[in-house]
Amino acid sequence: QQPVQSPQAVILREGEDAVINCSSSKALYSVHWYRQKHGEAPVFLMILLKGGEQKGHEKISASFNEKKQQSSLYLTASQLSYSGTYFCGTEGWGSARQLTFGSGTQLTVLP
Amino acid sequence: DTEVTQTPKHLVMGMTNKKSLKCEQHMGHRAMYWYKQKAKKPPELMFVYSYEKLSINESVPSRFSPECPNSSLLNLHLHALQPEDSALYLCASSHGGISSGANVLTFGAGSRLTVL
């Protein structure tokens, strides 16, 4: 089952903050976040494994609420280079753990 | 070497052609994946090879045939494709096998396929 991402698109000015949400209807083993720039491959940002875990990558951080099966990606003081499509990927419990990607959030940062 | 290399970058083929997409990684990763991505959509999983064995086939039509000759190489053989198969085909690899979980994917740049 595909996780649900919101919003579908967001437009920011440089220096503004944004939050992207990802939720799943199934119990999650992990949540991954990837960014894909136009015409390029998706690039791994971070993985969250434990309920309540928070991780950071420069000014991009994320949280994972295991009880709610939700994750949020926080982009603070956004830069032009943050533009792209952000995908969450969720991994369930079971013998074969493959990622299922959400529908994506298109982030545009304007000067 | 931290790259996944895919060839060709672009491929145009007719519906009666037979062609192949190739993927190579030298990171010692034990799982390799084929994803299909349509414009403005997320990558969709097609196949997973874990320790050189086909572990996942997401009900992909038989006109797509994967092959894993060794732990570094992954091929996708294409035959009698339809125009709706036009898409970006992404190869990815991950360190652990598919059952180990928490597999961070390293993607190749993709092969953009157009079926006429």
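This text goes with the structure placed above it.
Computed from a predicted structure; not experimentally measured.

A separate point is the environment of B:Ala92. Position of B:Ala92 among the secondary structure elements: in strand β9 (residues 87–94). Between the C-alpha atoms of B:Ala92 and B:His29, which are 63 residues apart in sequence, the distance is 9.8 Å.

Further remarks concern the interface of chain A and chain B. Across the boundary between the two partners, chain A contributes 22 residues, which contact 22 residues of chain B. Carbon and sulfur atoms supply 62% of the area buried between chain A and chain B, which totals about 1,500 Å² over both sides. Remark: the boundary between chain A and chain B carries 0 salt bridges. Counting the contacts that link chain A with chain B gives 3 residue pairs in polar contact (both at pLDDT 80 or more). Where the side of chain A that touches chain B is concerned, the elements lending two or more residues are β4 (28–36), β5 (43–48) and β9 (84–92) of chain A. Ranked by residue count, the leading element in the side of chain A that touches chain B is β4(A), at 5 residues. Here the side of chain A that touches chain B is composed, by residue class, of 11 nonpolar, 9 polar and 2 charged.

What follows concerns the nonpolar core. Judged by nonpolar contacts, the single largest core of 22 residues is most densely connected at B:Trp34, B:Phe64, B:Leu76 and B:Leu78. Secondary-structure elements contributing two or more residues to this core are β2 (10–13), β3 (18–25), β4 (31–37), β5 (44–50), β7 (64–70), β8 (73–79), β9 and β11 (111–115) of chain B. With sequence-adjacent residues up to four places away left out, B:Phe64 is seen in contact with B:Met46, B:Phe47, B:Leu76, B:His77, B:Leu78, B:Leu81, B:Asp85 and B:Tyr89. The next biggest cluster of nonpolar side chains, apart from the first, holds 21 residues, and it includes A:Leu45, A:Leu73, A:Leu107 and A:Val109.

What counts and how
- Residues numbered from 1 in each chain as written.
- Chains lettered and ligands numbered in written order.
- Predicted model: local features only at pLDDT ≥ 70, side-chain atom pairs only at ≥ 80, totals over all residues.
- Heavy atoms only, no water.
- Helix = DSSP H or I, 4+ residues; strand = E, 2+ residues; numbered from the N terminus.
- Contact = heavy atoms within 4.5 Å.
- Buried area = accessible area lost by both parts, 1.4 Å probe.
- Salt bridge = Lys/Arg side-chain N within 4 Å of Asp/Glu carboxyl O.
- Polar contact = N/O pair within 3.5 Å; in protein donor to acceptor, adjacent residues only side chain to side chain.
- Nonpolar A, V, L, I, M, F, W, Y, C, P; charged D, E, K, R; others polar.
- Core = buried A, V, L, I, M, F, W, Y, C linked by side-chain atoms within 4.5 Å.
- Buried < 20%, exposed > 50% of the residue type's maximum accessible area, 1.4 Å probe, protein only.

Bear in mind that shape data such as this cannot, by itself, settle questions of function.
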